[in-house]
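# Observations on the model geometry
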Amino acid sequence: MADLILIQLSPKHLERLEQLADAGRLRTALYPAREPQPVRRRSRQYPGGRPTFRAPRLRRRYIR
């Protein structure tokens, strides 16, 4: 395990750090984390995932 380094904070910085920690705890209490979306299963029809339906790009003809 690494050795801990004691950091000297000014009272102003220490108070700000405590405010930020309190705000973080309050946020996690009020707004719980969202549940992750279910994992999409691959199908045989679309092994790489479903296609996106965008406007097809026009093919350019190269004139030689």
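Keep in mind it's a predicted model, so treat the numbers as computed, not measured.

With that settled, the discussion passes to the overall build of the protein. Helix and strand counts for the protein stand at one helix and zero strands. Taking all 64 residues of the protein together, 0% fall into the buried category. Looking at the protein as shown, the accessible area adds up to about 8,400 Å², and 55% of this sits on carbon and sulfur atoms.

Here we come to the pattern of salt bridges. Within this structure, the stated rule accounts for one salt bridge. Here D22 and R25 are joined by a salt bridge, their closest N and O atoms 2.6 Å apart. Taken together, the residues span about one helical turn, with D22 and R25 both in helix α1 (residues 11-30) at a distance of three residues. We classify D22 as partly exposed; its relative accessible area is 43%.

It is worth spelling out a nonpolar patch on the surface at this point. On the surface, I5, I7, L9, L14 and L17 cluster together into a nonpolar patch covering about 530 Å² of accessible area. Looking at the element boundaries, I7 is found in the segment before α1.

Rules and cut-offs
- Residues numbered from 1 in each chain as written.
- Predicted model: local features only at pLDDT ≥ 70, side-chain atom pairs only at ≥ 80, totals over all residues.
- Heavy atoms only, no water.
- Helix = DSSP H or I, 4+ residues; strand = E, 2+ residues; numbered from the N terminus.
- Buried < 20%, exposed > 50% of the residue type's maximum accessible area, 1.4 Å probe, protein only.
- Areas by Shrake-Rupley, 256 points an atom, 1.4 Å probe, with all protein chains shown as cover.
- Salt bridge = Lys/Arg side-chain N within 4 Å of Asp/Glu carboxyl O.
- Patch = residues over 30% accessible without salt bridge, like charges linked within 9 Å, V, L, I, M, F, W, Y side chains within 5 Å.

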